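Each chain, letter by letter, is given below.
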Amino acid sequence: PPAKLNELFRAAVAHHDARRFAEAEKLYAQVCTAAPRRFDAWHLFGWPPLQQGRPAEAAARLERAGVLNPKSALCALRLAHALKKIGRLPQARAAADRAAQLEPTNADAHFCAGDLAAATEGFAAAVPHFRRVTELQPAAADGWANLGVALAQSGGAAEALDGFARALAIEPGNAQALMGRALV
């Protein structure tokens, strides 16, 4: 009955929130078995293995969730992280791009998409995503440092130095910005 499934699901979430992952996974699995088209159960069933270093399991579950609800930016972003960890970079990039498209104000989605764009296509492809990160989070040093690296690696040395300077103004010890500035 739906009431029983909802009760199981709430218990799974409570275990998950308390970092009792084995208990949470057991209950999520029961809900997914009883209601195989329930997006929220599949999505959250994919999260504990990612948190615990089992990205292949996470990817399989999150892929299933993504089929059930292709409009979930958070699911797409988590899937991107899982796929990246198992070396499926083109699929990870597609998932990260989808997350950024679905939720254009999500800086984490753009950061992930930029990172994967750099890894799969080159730094020039990462620049728009890292620019978007700096627009959304202008006080985040890592966004500026990553923009600086992407610009430096794609021929924009002057702009790269500006990115590194902004990162260092926010976080004077930012290692990526310090190294990037030294290499430009």
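For the structure itself, look to the data block above.
Residues numbered from 1 in each chain as written. Predicted model: local features only at pLDDT ≥ 70, side-chain atom pairs only at ≥ 80, totals over all residues. Heavy atoms only, no water.

A.B. asks: I tried to follow the overall build of the chain on my own but got confused; where do I start?
C.D. replies: In terms of helices and strands, the chain carries 11 helices and zero strands. Start at the N end of the chain and walk to the C end: the helices and strands fall as α-α-α-α-α-α-α-α-α-α-α. Oriented by its inertia axes, the alpha-carbon framework of the chain measures out at about 65 × 30 × 25 Å. The 184 residues of the chain split such that 45% are buried. Counting contacts in the chain only where the partners sit at least 6 residues apart, residues at least 24 apart contribute 47% of the total. On the chain, roughly 9,100 Å² of surface is accessible, and the fraction owed to carbon and sulfur atoms is 56%. Charged side chains in the chain number 21 positive and 17 negative. The centres of these two groups are separated by 6 Å. (Helix = DSSP H or I, 4+ residues; strand = E, 2+ residues; numbered from the N terminus. Buried < 20%, exposed > 50% of the residue type's maximum accessible area, 1.4 Å probe, protein only. Contact = heavy atoms within 4.5 Å. Areas by Shrake-Rupley, 256 points an atom, 1.4 Å probe, with all protein chains shown as cover. Lys, Arg positive; Asp, Glu negative; His and termini not counted. Charge placed at Lys NZ, Arg CZ, Asp CG, Glu CD.)

A.B. asks: What should I look at first to understand helix H9 (residues 141-153) in this one?
C.D. replies: Count 3.6 residues to each turn of an α-helix, and residues three or four apart come out pointing the same way. Its 13 residues place the ends of H9 18 Å apart at the C-alpha level, agreeing with the 18 Å of an ideal helix rising 1.5 Å per residue. Its buried side turned inward, H9 meets helix H7 (107-120), helix H8 (123-136), helix H10 (157-170) and helix H11 (175-183). Gly155, located one to two residues past H9, shows a positive phi value of around 95°. (Expected span 1.5 Å × (residues − 1).)

A.B. asks: Would you take a moment to explain the environment of Leu161 for this structure?
C.D. replies: Position of Leu161 relative to the elements: it lies in helix H10. For Leu161, a relative accessible area of 36% gives the class partly exposed. For the pair Leu161 and Ala182, spaced 21 residues apart in sequence, the C-alpha separation works out to 9.4 Å. When near neighbours in sequence (up to four residues on either side) are disregarded, Leu161 contacts Arg181 and Val184.

A.B. asks: Which parts of the structure should I look at to understand empty space enclosed by the protein?
C.D. replies: To find the voids left in a structure, one rolls a probe of water-molecule size over its atoms. Under the defined criterion, the tally for this structure stands at one cavity of 30 Å³ or more. Estimates place the volume of the largest cavity at around 40 Å³. Looking at the largest cavity, the residues that line it are Leu62, Gly66, Asn69, Pro70, Ser72, Cys75, Ala76, Leu79 and Arg98. For the lining of the largest cavity, the elements supplying multiple residues, two or more each, are helix H4 (55-68) and helix H5 (73-85). With three residues, H5 is the single largest residue contributor to the lining of the largest cavity. (1 Å grid on protein atoms, 1.4 Å probe; cavity = no way out; pocket = protein on both sides within 12 Å on 5 of 7 lines; lining within 4 Å. Points joined across faces, edges and corners; volume = space filled by probe spheres on them.)

A.B. asks: Would you take a moment to explain the side chain of Asn174 for this structure?
C.D. replies: Among the secondary structure elements, Asn174 is positioned in the loop between H10 and H11. Asn174 gets classed as buried once you look at its relative accessible area, which sits at 2%. A polar atom in the side chain of Asn174 sits 3.2 Å from the backbone nitrogen of Gln176. (Polar contact = N/O pair within 3.5 Å; in protein donor to acceptor, adjacent residues only side chain to side chain.)

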